[in-house]
Protein chains: 2
Amino acid sequence: MALIVHKYGGTSMGSTERIKNVARRVAKWHDAGYQIVVVPSAMSGETNRLIGLAKEVMAQPDPRELDMLASTGEQVSVALLAMALQSLGKDAVSYAGWQVPIKTDSAYTKARIQSIDDAKVRADLDAGRIVIITGFQGADEAGNVTTLGRGGSDTSAVAVAAAMKAQECLIYTDVDGVYTTDPRVVSEARRLRTVTFEEMLEMASLGSKVLQIRSVEFAGNYRMPTRVLSSLTDPMIPLEEEANSGTLISFEEDTHMEQATITGIAFSRDEAKITVMQVPDRPGIAFQILGPIAEANIDVDMIVQNQSVDGKTDFTFTVPRNDYQRALDVVNSNVKSLIGSGNIVSDSRVSKVSVVGVGMRSHVGIASQMFRTLSEEGINIQLISTSEIKISVLIDEKYMELAVRVLHKAFGLEKA
Amino acid sequence: MALIVHKYGGTSMGSTERIKNVARRVAKWHDAGYQIVVVPSAMSGETNRLIGLAKEVMAQPDPRELDMLASTGEQVSVALLAMALQSLGKDAVSYAGWQVPIKTDSAYTKARIQSIDDAKVRADLDAGRIVIITGFQGADEAGNVTTLGRGGSDTSAVAVAAAMKAQECLIYTDVDGVYTTDPRVVSEARRLRTVTFEEMLEMASLGSKVLQIRSVEFAGNYRMPTRVLSSLTDPMIPLEEEANSGTLISFEEDTHMEQATITGIAFSRDEAKITVMQVPDRPGIAFQILGPIAEANIDVDMIVQNQSVDGKTDFTFTVPRNDYQRALDVVNSNVKSLIGSGNIVSDSRVSKVSVVGVGMRSHVGIASQMFRTLSEEGINIQLISTSEIKISVLIDEKYMELAVRVLHKAFGLEKA
């Protein structure tokens, strides 16, 4: 019998009524003859409630104890879902990560999965049981509870699916798939039936936040077919229909042979950029600027350094807008004195727009078409960064929606 | 260094502010040079909230999943308390029952502790850490989470104290000790500085609900000195004062040599009695009446069967008033036809009053003094049941307070 892993997010598990709906959906798959493992998140709001309690006790809670605390949210979910399935007459059993066990390293609050022992789960499945496993968590070698960090339930689901060689991992969420861009910005945005793993990586990290990035990496490493689909449909819609809905992250290279060159337009509104002017162009300078930023635990996204003139260059990087003031403080207090550079120029009102597509590997002229489209609308490009399958530009935030719309149209993404 | 186990109830852990107070108190003991293990309950209301969720999902929740669910309440508590201690500069670590491990049988929702491995805890203590262990729970041989049932945190604390040969187990609660009777009924009621294990058993099971009965049994089996004291005092009162407050359950037989004959007056208001009249007096009849009651999971308390007359006798038992109607239904539907007995007589407005004291072993006339005192007030005794260290009577509930007051006075309990 084919094994399918289902993952349900916090919204889908948000109340006992919704948990009963999840149970109906899972039971439908089980009735159709599939072996089912379910990985649910904590009920929506629960993880925040727990972390709020921790912060009332201690401004910077100890990571080990924070994991001990936060992991209870998913344990509540799995027990309630097991009960809901039992009330439908299904044999179901729940496990916390440590019971499986899902072994991780000891990096509390951001642990990485090292191994999954599937013997117990396999025996339950073979006995006809539906198995429910806590997302987001595991235990280290010494038996300490660890969590994988926010959104880690996606990673748990894909990891369990990979370890058990499931046929497919279904990530049920409150969107019905991955779109060519955000439908709230471009009404013609179209749902993609498939994306490649690489495209999904770029789409996820660039702001189309459908799947947690580490779960996509996991899916990629293990070539685990993973489908994003809606948990908001009637749980009793025909299984055939549901099984083909959403967006499948595919590992078949030829999936895209007949498709458009460009897969989608990703964007991220809340960016900020910092430029250190007149930096002496010598080895180690990038580290001297970004080292203190990394130490302050600020994620740097785009990094651009241009050709130097007279031994000096300008060094620009972007950070999430939330971290802008902190990043600027770090630069002002450490970097300037350290490298004796000139002025610091910064702007916290910028956005990033990216064109993504595996197809651009084999097509020329994508970049020039992107730049021409933007220039025709009078949109100035402040920064450019490219990879094999995407081109990102930084622009004034007030033009962001316009840029996404015109690029979506220019690449014909509204056409199936 | 002497080891002390502290146990804090749900009210003491009821908010992050209160948890900080618990931490201050624990830190005070640690500062004084004691090794400390803390066993807290779930935050007040949390266990009920979780069980409420379960009942929304399933009218009769599966016991294994219920334990999986309910055990999260204490896990939240231990993590928050560890953080609170850390914020006071203490090295502290929390463990769930399965991490210690505390091994139990597999009787979900009412498991019994089988063994406690103290190696990990001992190592932490020796390294100067305060160790916090979830109350109420453990894991069975197969690694399933189990709970000990309501009030089980007391049992956990005493069991941990016994396993680790602690000097004393301190049960912090919202009363400041065990009294000669309920001070709300008799204002002259006096706090007992010590009670014997046997007296505590009788006091606890008879309604002075200070300690869970199983924890008292545990204390008795392991001769673990256990003190009930208040968690409502200022956490920074001098340790000497706190260490001698409350009531100590003692295992020194001679503690009572100089004390009064009677230790206290216990009572239980919400009783109900059922009498099966004209029962044929033959072997097996008690089982035929009470078997169906036990199968319905109803606790029977007093059981009285008198000398038969003409081969017939009357058989009376009491049940908690909450179970009265159910018990009566069971008797009416099963028992009557089964044994062909006469009428069923029942009364749901009765209370039990008991005189308790190890001293009565060596004193005669206690029973007659009790009966005379009640008769002088015109209180009719409906049922009498005795053990070595207590005499219980069942009376009309409207006389309960009066009976407790006059007995308290008759035995001079207001005098130290």
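Definitions and cut-offs
In every chain, residue numbers begin from 1 and rise along the written sequence. A letter from A marks each chain and a number from 1 marks each ligand, given out in the order of writing. Under the rules for a predicted model, residues below a pLDDT of 70 receive no local features and side-chain atom pairs below 80 are neither given nor counted, while totals for whole chains, interfaces and linings still include all residues. Computation of side-chain values: all heavy atoms of the structure, hydrogens and water removed. UniProt positions are given in the numbering used here, feature names are shortened, and annotations may be inferred rather than shown by experiment. Exposure is judged per residue with a 1.4 Å probe applied to protein chains only, and the accessible area is read against the type maximum: over 50% gives exposed, under 20% gives buried, and values in between give partly exposed. Where helices and strands are cited, they refer to DSSP runs of H or I of at least four residues and of E of at least two residues respectively, numbered from the N terminus. For two strands to be treated as a pair, DSSP must find no fewer than two bridges joining them. Lines fitted to C-alpha atoms define the axes, with helix axes restricted to the stretch in contact, and inter-axis angles between N-to-C directions lie between 0 and 180 degrees. Working rule for handedness: look at the near helix, and if it is turned counterclockwise from the far one by less than a right angle, call the crossing left-handed; if clockwise, right-handed. Residue contacts are counted whenever heavy atoms from the two residues lie within 4.5 Å of one another. For this scheme, ten residues count as nonpolar: Ala, Val, Leu, Ile, Met, Phe, Trp, Tyr, Cys and Pro. Four count as charged, namely Asp, Glu, Lys and Arg, and the remainder, Gly too, count as polar. Buried area counts how much accessible surface, traced with a 1.4 Å probe, disappears from two parts once they are put together, with both parts' losses summed. By definition here, a salt bridge exists when the distance from a side-chain nitrogen of Lys or Arg to a carboxyl oxygen of Asp or Glu is within 4 Å. Here a polar contact is taken to be a pair of N or O atoms separated by no more than 3.5 Å, where protein atoms must pair a possible hydrogen donor with a possible acceptor and residues adjacent in sequence count only if both atoms sit in side chains. Note on aromatic contacts: the rings of Phe and Tyr and the six-membered ring of Trp form a pair at centre separations within 6.5 Å, being stacked when their planes are under 30 degrees apart, edge-to-face when over 60 apart, and tilted otherwise. Side-chain atoms within 4.5 Å are what join buried Ala, Val, Leu, Ile, Met, Phe, Trp, Tyr and Cys residues into a set we call a nonpolar core. Least-squares superposition of the copies uses the C-alpha atoms of those residues scoring a pLDDT of at least 70 in each of them. Marked domain ranges trace back to an automatic or database domain assignment. Summarising the geometry, the arc corresponds to the directions from the helix axis toward the C-beta atoms.

An unreviewed UniProt entry annotates chain A as Aspartokinase of Noviherbaspirillum pedocola. What UniProt records for chain A under Catalytic activity (unreviewed entry) is the sentence "L-aspartate + ATP = 4-phospho-L-aspartate + ADP". Here is the UniProt Sequence similarities (unreviewed entry) comment for chain A, exactly as written: "Belongs to the aspartokinase family."

(A) Region of interest: the pairing of strand 13 (residues 264–280) of chain B. All names here are of chain B. In terms of residue burial, strand 13 counts as a mostly covered element, since 13 of its 17 residues are buried. Summarising the sheet, strand 13 and strand 16 (residues 344–356) pair through ten bridges and their orientation is antiparallel. Each residue of the ladder has a partner; that of Phe267, found in strand 16, is Val353.

(B) Local environment of the packing of helix 2 (residues 46–57) of chain B against helix 3 (residues 63–70) of chain B. Residues and elements named next belong to chain B. For the pair helix 2 and helix 3, the least separation of the axes is 9 Å and the interaxial angle reads 145 degrees. Seen from above, helix 2 lies across helix 3 with right-handed handedness. Contacts between helix 2 and helix 3 involve Leu50, Ile51 and Ala54 from the first element and Leu66, Leu69 and Ala70 from the second. Its residues placed into classes, the contact of helix 2 with helix 3 shows six nonpolar, no polar and no charged.

(C) Here's a closer look at the interface of chain A and chain B. Chain A puts 42 residues into the contact, and the matching count from chain B is 42 residues. In total, chain A and chain B occlude about 3,400 Å² of area from one another, counting both sides; carbon and sulfur atoms represent 64% of this. Looking at the side of chain A facing chain B, the largest losses of area belong to Val57, Met83 and Trp98 of chain A, adding up to 19% of the total buried there. Counting the contacts that link chain A with chain B gives two salt bridges. In this structure, Glu46 of chain B engages Arg49 of chain A in a salt bridge whose closest nitrogen and oxygen atoms are separated by 3.6 Å. If you look at where chain A meets chain B, you find 14 residue pairs in polar contact (both at pLDDT 80 or more). Of all the secondary-structure elements, those providing two or more residues to the side of chain A that touches chain B are helix 1 (16–31), helix 2 (46–57), helix 3 (63–70), helix 4 (72–87) and strand 3 (92–95) of chain A. Ranked by the residues each element gives to the side of chain A that touches chain B, the list is headed by helix 4 of chain A, at eleven residues. Residue composition of the side of chain A that touches chain B, by class: 24 nonpolar, ten polar and eight charged.

(D) Up close: the packing of aromatic side chains. Residue and element names in this part refer to chain B. Under the defined criterion, the tally for this structure stands at eleven aromatic pairs over all chains. Relative to Tyr34, the ring of Trp29 lies with its centre 5.3 Å away and its plane at 50 degrees, an arrangement referred to as tilted. On the basis of relative accessibility, which here comes to 2%, the residue Trp29 falls in the buried class.

(E) View of the nonpolar core. By size, the foremost hydrophobic cluster in this structure holds 80 residues, and its most contacted members are Leu80 of chain A together with Leu80 of chain B. Leaving out residues up to four positions away in the same chain, Leu80 of chain A has contacts with Ile19 and Met43 of chain A together with Leu53, Ala54, Val57 and Leu69 of chain B.

(F) Focus on unusual backbone geometry. Residue and element names in this part refer to chain A. Note the cis peptide between Val100 and Pro101, where omega equals -10 degrees. Structurally, the position occupied by Pro101 is in the loop between strand 3 and strand 4 (102–104). One non-glycine residue, Asn297, lies in positive phi territory at about 65 degrees. With respect to the secondary-structure elements, Asn297 resides in the loop between helix 10 (285–295) and strand 14 (303–305). Assessed through its relative accessible area of 67%, Asn297 is described here as exposed.

(G) Main features of the relation of the copies chain A and chain B. After a rotation of 180 degrees and a shift along the axis of 0.0 Å, chain A superposes on chain B with an RMSD of 0.1 Å. Here the two chains are linked by the operation of a two-fold rotation axis. If distances are taken from each C-alpha of chain A to the rotation axis, the shortest is found for Thr72 of chain A, at 2.7 Å. Of the interface residues in chain A, 100% have counterparts in chain B that sit at the interface too, so the contact is made through matching surfaces.

(H) The arrangement of the pattern of salt bridges in detail. Using the criterion set out here, one finds 42 salt bridges over all chains in the structure. For Arg321 of chain A, the salt bridge goes to Asp270 of chain A, with nearest N and O atoms at 3.6 Å. Of this pair, Arg321 of chain A sits in the loop between strand 15 (312–320) and helix 11 (324–339) while Asp270 of chain A is found in strand 13 (residues 264–280), placing the two residues 51 residues apart along the sequence. By relative accessible area, which is 45% here, Asp270 of chain A ends up partly exposed. Each of Glu46 and Arg49 of chain A together with Glu46 and Arg49 of chain B takes part in salt bridges that share partners, so that together they form one network.

(I) Layout of the domain arrangement of chain A. Residues and elements named next belong to chain A. For chain A, the domain assignment lists domain 1 (3–254) and domain 2 (264–410). Distance between the C-alpha centres of domain 1 and domain 2: 33 Å. Summed over both partners, the interface of domain 1 with domain 2 comes to about 1,400 Å²; 66% of that surface belongs to carbon and sulfur atoms. Linking domain 1 with domain 2 are zero salt bridges, by the criterion used here. Counting the contacts that link domain 1 with domain 2 gives five residue pairs in polar contact (both at pLDDT 80 or more).

(J) The arrangement of the sheet that holds strand 11 (residues 226–230) of chain B in detail. Residues and elements named next belong to chain B. Here eight strands make up an open sheet; going across it, the order is 3-6-2-1-9-11-12-10 and the pairing mixed. Either end of the sheet is taken by a strand with one partner, and the two such strands are strand 3 (92–95) and strand 10 (194–196). Taking each pair of neighbouring strands and ignoring which way they run, the sheet shows an average axis angle of 20 degrees. Most of the contacts of helix 1 (residues 16–31) go to strand 1 (residues 3–8), to which it runs at about 170 degrees, and overall it touches strand 1, strand 2 (35–40), strand 6 (130–133), strand 9 (168–173) and strand 11.

(K) Molecular detail of the UniProt feature "binding site: ATP" (unreviewed entry) in chain A. All names here are of chain A. On the UniProt side, "binding site: ATP" (unreviewed entry) is annotated at positions that read Lys7, Tyr8, Gly9, Gly10, Thr173, Asp174, Tyr179, Arg184, Lys209 and Val210 here. Among the secondary structure elements, Val210 is positioned in the loop between helix 7 (197–205) and helix 8 (213–221). Residue contacts for Val210: discarding those within four places in its chain leaves Asp154, Val175, Gly177, Val178, Met200 and Val228.

(L) Quick peek at the side chain of Ser12 of chain A. All names here are of chain A. By secondary structure assignment, the location of Ser12 is in the loop between strand 1 (3–8) and helix 1. Side-chain polar atoms of Ser12 contact the side chain of Ser231, separated by 2.7 Å. Here Ser12 is in contact with Arg18, Ile19, Val22, Tyr172 and Ser231, once residues within four sequence places are set aside.

(M) Molecular detail of helix 5 (residues 119–126) of chain B. Residues and elements named next belong to chain B. Among all positions of helix 5, only Val121, Asp124 and Leu125 are buried. Seen along its axis, helix 5 keeps its buried residues to an arc of 100 degrees; they face one direction. Among the structural elements, strand 1, strand 2, strand 3 and strand 6 are those in contact with the buried residues of helix 5. A positive phi of about 90 degrees marks Gly128, the residue just after helix 5.

(N) Quick peek at the sheet that holds strand 2 (residues 35–40) of chain A. Residue and element names in this part refer to chain A. The strand order across the open sheet formed by eight strands is 3-6-2-1-9-11-12-10, and the pairing between neighbours is mixed. Every other strand in the sheet has two partners, leaving strand 3 and strand 10 (194–196) as the edge strands with one partner each. The sheet shows a mean angle of 20 degrees between the axes of neighbouring strands, direction not considered. Looking at chain direction, strand 1 and strand 2 are connected through six bridges and run parallel. The residue bridging Lys7 from the neighbouring strand is Val39, located in strand 2. Seen against the sheet, helix 1 touches strand 1, strand 2, strand 6 (130–133), strand 9 (168–173) and strand 11 (226–230) and runs at an angle of roughly 170 degrees to strand 1.

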